[in-house]
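Residues per chain are reported as follows:
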Amino acid sequence: MTGPSKEAALRALHHRPAGDPLVVPGPWDAMSARVFEAAGFPALATPSAGIATSLGYVDGQTPAAEMFAAVTRIVRAVSVPVTADLESGYGLGAAELVERVRESGAVGLNLEDSGPDGLKDPREHADWLAEVRAAAGPGLFLNARVDAYVLRASEPLERTVRRARLYAEAGVDCVYPILATPSDLPALRRALGDLPMNVLALPDGPSFAELGRLGATRITFGEGLLRRTREGLTELASTVRGGRMG
């Protein structure tokens, strides 16, 4: 599948019946990407935290060059569309950021609206997202993460709705209110109208079907799948240490 057709495929996957969310695993390397593709998932979404862990960095401290190199390896390993979590853009200008995304082969990107000092000014961030949209054209799928819940901001629902509407006006394709409480999802769904909404799945949270009923269009996992894999690897290491393969 070529770049433009992957772009179209990723975009089409987000136009789904209500209550039937797109489930998008997060690979952290080429091997995990191939496993998820072989399992039948139609698209993948790299998690910046998962890649950071796999490369030996603390989340948020991966050098841009290493992050883009990791994304490139993942894209090269599979035939399905890949969208990349690029944190807050690594300080790159919109045109350079889009150029590097295209060089990696990814057909979508996830950008968050917080930094070391907390939430960014919503209008300034919306203006920057509009620049990214203009540089990307209509092809790249732009997912705007809203960090009001993850940063425990006051009145997170109201803040998220305000930010999401500004980002929608800037031309994003999807809004991601990370760690939004399930009880707030229906209100967010109503506020967003037909705009796709990305929801984070948690081990002790609602099922995928229930998240869909609450308004999720797309479900991602952050580094959650890597954590589960690490638990399995820890168990295997203990077994091998005990003198057995299994």
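Note: the structure precedes this text.
In short, a report on the structure.

**Some thoughts on a negative patch on the surface**
Here is step 1 of the chain: Among the surface-exposed residues, D121, E124, D127 and E131 lie close enough to one another that they form a single negatively charged patch.
Here is step 2 of the chain: Its place among the elements puts D127 in helix α6 (residues 122-136).

**Section: the packing of helix α4 (residues 64-77) against helix α5 (residues 94-104)**
The geometry of a pair of packed helices is captured by two quantities: the angle between their axes and the separation between those axes.
Here is step 1 of the chain: In contact at an axis separation of 8 Å, α4 and α5 are set at 35° when each is read in the N-to-C sense. Two secondary-structure elements touch here, α4 through A64, A65, F68, V71, T72 and V75 and α5 through L97, R100, V101 and S104.
Here is step 2 of the chain: Looking at the contact of α4 with α5, its residues break down into seven nonpolar, two polar and one charged.

**Some words on the sheet that holds strand β1 (residues 22-23)**
Here is step 1 of the chain: On the basis of which strands lie adjacent, the open sheet formed by three strands has the order β1-β10-β9 and parallel pairing. Edge strands, defined here as strands with exactly one partner in the open sheet, are β1 and β9 (198-200).
Here is step 2 of the chain: One ladder, built from two bridges, connects β1 with strand β10 (residues 218-220); its direction is parallel. In the strand pairing of β10, V23 is matched with I219.

**A closer look at the environment of S88**
Here is step 1 of the chain: Checked against the element boundaries, S88 lands in the loop between β3 (82-85) and α5.
Here is step 2 of the chain: You can call S88 partly exposed: its relative accessible area is 25%.
Here is step 3 of the chain: When the C-alpha atoms of S88 and K120 are compared, they prove to be 10 Å apart, with 32 residues separating the residues in sequence.
Here is step 4 of the chain: Other than its neighbours up to four places away in sequence, S88 contacts L111, E112, S114, K120 and W128.

**Re the packing of helix α2 (residues 30-38) against α4**
Here is step 1 of the chain: The geometry of α2 relative to α4 is characterised by a closest axis approach of 8 Å and an angle of 35° between their N-to-C directions. Both α2 and α4 take part in a crossing whose hand is right-handed. On the side of α2, the interface is formed by A30, A33, R34 and E37, while α4 contributes R73, I74 and A77.
Here is step 2 of the chain: Of the residues in the contact of α2 with α4, the class split is four nonpolar, no polar and three charged.

**Considerations on the sheet that holds strand β8 (residues 174-177)**
Here is step 1 of the chain: With respect to topology, five strands assemble into an open sheet ordered β2-β3-β4-β7-β8, the strand pairing being parallel. Either end of the sheet is taken by a strand with one partner, and the two such strands are β2 (44-46) and β8. On average, adjacent strands in this sheet sit at an angle of 20° to one another, irrespective of strand direction.
Here is step 2 of the chain: Inspection of the sheet shows β3 paired to strand β4 (residues 108-112) by three bridges, in the parallel sense. Considered in β4, the bridge of D85 is made with N110.
Here is step 3 of the chain: Running over the sheet, α4 touches β2 and β3 and is turned about 165° from β3.

The rules behind each value
The residue count restarts for each chain, going from 1 along the sequence in the order it is written. Per-residue local features of the predicted model are confined to residues with pLDDT of at least 70, and side-chain atom pairs are confined, for both listing and counting, to 80 or more; whole-chain, interface and lining totals are unaffected and use all residues. For side-chain calculations, the full set of non-hydrogen atoms in the structure is used, while hydrogens and water are omitted. Note that patches include only residues with greater than 30% relative accessible area and no salt bridge, and the join distances are 9 Å for like charges and 5 Å for nonpolar side chains (Val, Leu, Ile, Met, Phe, Trp, Tyr). Note on areas: Shrake-Rupley with a 1.4 Å probe; residue coverage comes only from the protein chains shown. By convention in these notes, a salt bridge is any Lys or Arg side-chain nitrogen within 4 Å of a carboxyl oxygen on Asp or Glu. None of His or the chain ends enter the tally, which takes Lys and Arg as positive and Asp and Glu as negative. Here the site of a charge means NZ on Lys, CZ on Arg, CG on Asp, or CD on Glu. We count a stretch as a helix when DSSP gives it H or I for four or more residues in a row; a strand needs E for two or more, and each element gets its number in order from the N terminus. Helix axes are fitted to C-alpha atoms over the stretch in contact, other axes to C-alpha atoms as well, and angles between N-to-C directions run from 0 to 180 degrees. For this analysis, residues touch if any pair of their heavy atoms sits within 4.5 Å. Three residue categories are used. Nonpolar comprises Ala, Val, Leu, Ile, Met, Phe, Trp, Tyr, Cys and Pro, charged comprises Asp, Glu, Lys and Arg, and polar comprises the others, including Gly. For two strands to count as paired, DSSP must find a minimum of two bridges between them. Each residue is placed in one exposure class: buried if its accessible area under a 1.4 Å probe, protein chains only, is under 20% of its type's maximum, exposed if it is over 50%, and partly exposed if it falls in between. Whether a crossing is left-handed or right-handed is set by the direction in which the near helix is turned from the far one by less than a right angle, anticlockwise for left-handed and clockwise for right-handed.

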